[in-house]
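Residue-level structure breakdown
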Amino acid sequence: MQKLDLLYEGRTKRIFASENPDEIIIAFLDNTTAYRGLKKSFIPGKGAVNNRISNHLMRKIAGLGIPTHFIKEINDHETCVVKADIIPIAVVVRNIAAGSLAERLGLPEGMAFDKPIIEYYYKDASLGNPMINEYHITTLAWATEEELKTVADYSLRVNMFLSAYLIDLGIALIDLKLEFGKNKHGDILLADEISPDSCRLWDTKTHERLDKDRFRLDLDDVEDAYREILRRLLGN
């Protein structure tokens with residue numbers, strides 16, 4: 001597959017056009033950022049690990065009947081996906097109190113919820129990606145009520161599946177961030193990535209963090225933690 005013009009460069013990914021106008025190529029970078037890009041680092045091999053983790057999980061999720069943007073893995077760092085208009089909303093599903101939720105509400109980190117909590121954030125880094133609700137989303141026409149219902153349904157189904165799948169691998173899914181887009185037909189697809197960059201993942205026995213919090217909190221062995229997730233997923 002031929003990689004053409006650079007369409008977008010983010011903090012951890014580059015997006016390229018391809019010879020097929022309905023497909024684009026995502027290149028995962030070895031960059032790591034936190035706190036809205038104020039903290040940055042370069043972690044060799046991280047891009048390839050995240051690419052493989054995300055593609056593995058996207059394939060699993062597609063098996064549930066949830067449409068995703070994944071088409072095929074091109075190489076260690078690059079993946080071909082469906083070109084989609086991204087809905088400017090990040091969906092965060094929380095199973096256990098951690099991070100900003102614990103701080104905002106004064107909850108003890110590690111407190112488990114009886115049912116998942118869904119939060120929505122407006123994807124605008126210049127505004128700090130503020131939290132929003134369903135009324136903001138529908139009134140400002142970022143998504144219709146029906147589209148938002150589909151997004152919420154897909155998010156909860158992904159969360160339920162991943163929670164059960166990962167727990168068998170000794171990994172607790174604390175929370176995860178999901179993004180969605182619409183293809184040329186207007187169908188909603190799960191997009192972006194699912195990786196230790198976008199999920200909180202704790203070892204079920206030791207409660208060791210195996211995700212981006214290792215970088216945020218200045219813990220050691222960030223790359224080793226990501227590779228451990230990949231090892232457990234692929235069994236090698």
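In this report, we go over the structure that sits alongside the text. (Residues numbered from 1 in each chain as written. Predicted model: local features only at pLDDT ≥ 70, side-chain atom pairs only at ≥ 80, totals over all residues. Heavy atoms only, no water.)

A look at the environment of Leu162
Note that Leu162 resides in helix 4 (residues 145-167). Once the C-alpha coordinates of Leu162 and Met58 are considered, the two residues, 104 residues apart in sequence, prove to be 11 Å apart. Aside from chain neighbours lying at most four places away, what touches Leu162 is Leu57, Leu173, Leu176 and Ile194. (Helix = DSSP H or I, 4+ residues; strand = E, 2+ residues; numbered from the N terminus. Contact = heavy atoms within 4.5 Å.)

Some points on the sheet that holds strand 1 (residues 3-9)
Taken in spatial order, the five strands line up as 1-2-3-7-6 in an open sheet, and their pairing is antiparallel. Lying at the two open borders of the sheet, with one neighbouring strand each, are strand 1 and strand 6 (70-73). Between one strand axis and the next, the sheet turns through 30° on average, direction left out of account. Relative to strand 7 (residues 78-82), strand 3 (residues 23-28) runs antiparallel, the two being bridged by five bridges. Across the sheet, the residue bridging to Ile26 is Thr79, located in strand 7. Taken strand by strand, helix 1 (residues 46-62) contacts strand 3, strand 6 and strand 7, and its axis lies near 135° from that of strand 6. (Pairing = 2+ DSSP bridges. Axes fitted to C-alpha atoms, helices over the stretch in contact; angles between N-to-C directions.)

A look at a nonpolar patch on the surface
A surface patch of nonpolar side chains, about 280 Å² in accessible area, is lined by Tyr35, Leu217 and Leu219. Turning to its location among the elements, Leu219 is positioned in the loop between helix 5 (213-216) and helix 6 (222-234). A residue is classified by how much of its surface remains accessible, and Leu219, at 34% relative accessible area, is partly exposed. (Patch = residues over 30% accessible without salt bridge, like charges linked within 9 Å, V, L, I, M, F, W, Y side chains within 5 Å. Areas by Shrake-Rupley, 256 points an atom, 1.4 Å probe, with all protein chains shown as cover. Salt bridge = Lys/Arg side-chain N within 4 Å of Asp/Glu carboxyl O. Buried < 20%, exposed > 50% of the residue type's maximum accessible area, 1.4 Å probe, protein only.)

Topic: the pattern of salt bridges
In this structure the tally under the stated criterion is 25 salt bridges. A salt bridge links Asp197 to Lys46; the shortest N-O distance between them is 2.7 Å. With Asp197 in the loop between strand 12 (188-191) and strand 13 (199-203) and Lys46 in helix 1, the pair connects residues that are 151 residues apart, well separated along the chain. The class for Asp197 is buried, based on a relative accessible area of 13%. Judged by its relative accessible area of 2%, Lys46 falls in the buried class. Taken together, the shared-partner salt bridges in this structure form one network comprising Arg94, Arg104, Glu109, Glu119, Asp175, Arg200, Arg209, Asp213 and Arg216.

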